[in-house]
Amino acid sequence: MKIVLASHNQKKIAELRTLLGEYIPDVEVLSLADAGVEGEIVEDGDTFEANALIKARAAAASGYIGVGDDSGLCVEALDGAPGVYSARYAGEQGDDEANLDLVLENMKGKSDRRAAFVCCIACAFPDGSDPIVCHGRVDGELLEAREGKGGFGYDPIFYYPPFGTTFGVASAEQKNTVSHRARALAAFAKALGERLTQEK
Ligand code: IMP
């Protein structure tokens, strides 16, 4: 069984392969390039779900099952921002340091520090059957300054109470036991495994 993940990120591809392998033993996860899908995918949805579906459908154009994911940080006191704009909150796509600094700036003086990382994983089928959409989230609080240098994105200011520290201090293994991505992926792997079993 071949599945195409709408990503060029080899770490994400390996992660999906491992998790799906627990539910679908003969799974082969391909990148867009491996599957011969060319061109840029325009992620212009207003929600994580819309963007994950845009990517999943683009990947399913390969003729194989397509998977797309979208994630970000949602801050209560900022009405859910940076949300779907997490990767380009400060303007430039992927400038993690500037994005984090802007969140700190916008959070100055705010006492409600609640925030969550959220992730949506969607799966589209080439025959047009109903897509699968799964969500994962992890709740924490934003610090007023960075703590730790690990992880990426907003990890150094995301304090996770059960760990007593930020995702920037926690190890990748520790983060993977609770992260929004791991939770969405686990739900997705299970749902896809069930769908494929029903079809047999
Ligand atoms: P993506 O959809 O997984 O590419 O994530 C979009 C953006 O959300 C990233 O560029 C980060 O700014 C932020 N983000 C998503 N997941 C995490 C995380 O686990 N830690 C820190 N930042 C994250």
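The model shown is predicted, which means the values in this text are computed figures rather than measured ones.

Definitions and cut-offs
- Residues numbered from 1 in each chain as written.
- Predicted model: local features only at pLDDT ≥ 70, side-chain atom pairs only at ≥ 80, totals over all residues.
- Heavy atoms only, no water.
- Near = heavy atom within 4 Å.
- Polar contact = N/O pair within 3.5 Å; in protein donor to acceptor, adjacent residues only side chain to side chain.
- Areas by Shrake-Rupley, 256 points an atom, 1.4 Å probe, with all protein chains shown as cover.
- Nonpolar A, V, L, I, M, F, W, Y, C, P; charged D, E, K, R; others polar.
- Helix = DSSP H or I, 4+ residues; strand = E, 2+ residues; numbered from the N terminus.
- Buried < 20%, exposed > 50% of the residue type's maximum accessible area, 1.4 Å probe, protein only.
- Contact = heavy atoms within 4.5 Å.
- Phe/Tyr/Trp six-rings, centres within 6.5 Å; stacked < 30°, edge-to-face > 60°.

1. Examining the site of the ligand
Link 1 in the chain: The full set close to the ligand counts 13 residues, and Ser71, Phe152, Asp155, Lys175 and His180 are the nearest of them.
Link 2 in the chain: Between an oxygen atom of the ligand and a side-chain N or O atom of Ser71, the distance comes to 2.7 Å.
Link 3 in the chain: His180 is positioned with one of its side-chain polar atoms (N or O) 3.0 Å from a nitrogen atom of the ligand.
Link 4 in the chain: Bound to the protein, the ligand loses 86% of the 480 Å² it would expose on its own.
Link 5 in the chain: For the shell around the ligand, the class distribution of residues is four nonpolar, five polar and four charged.

2. Side note on the side chain of Thr166
Link 1 in the chain: Take Thr166: it is sitting in strand E7 (residues 165–166).
Link 2 in the chain: Look at Thr166 and you get buried, because its relative accessible area is 0%.
Link 3 in the chain: A polar contact is formed between the side chain of Thr166 and the backbone oxygen of Glu147, at a distance of 2.6 Å.
Link 4 in the chain: For Thr166, the residues in contact, after removing those within four places along its chain, are Leu143, Glu147, Asp155, Pro156, Ile157, Phe158, Tyr159 and Tyr160.

3. So, the packing of aromatic side chains
Link 1 in the chain: The final tally for this structure, using the stated rule, is six aromatic pairs.
Link 2 in the chain: Relative to Phe158, the ring of Phe117 lies with its centre 4.4 Å away and its plane at 40°, an arrangement referred to as tilted. With Phe117 in strand E4 (residues 114–124) and Phe158 in strand E6 (residues 158–160), this pair connects stretches of sequence that are 41 residues apart. As far as the burial class goes, Phe117 and Phe158 line up, both buried.

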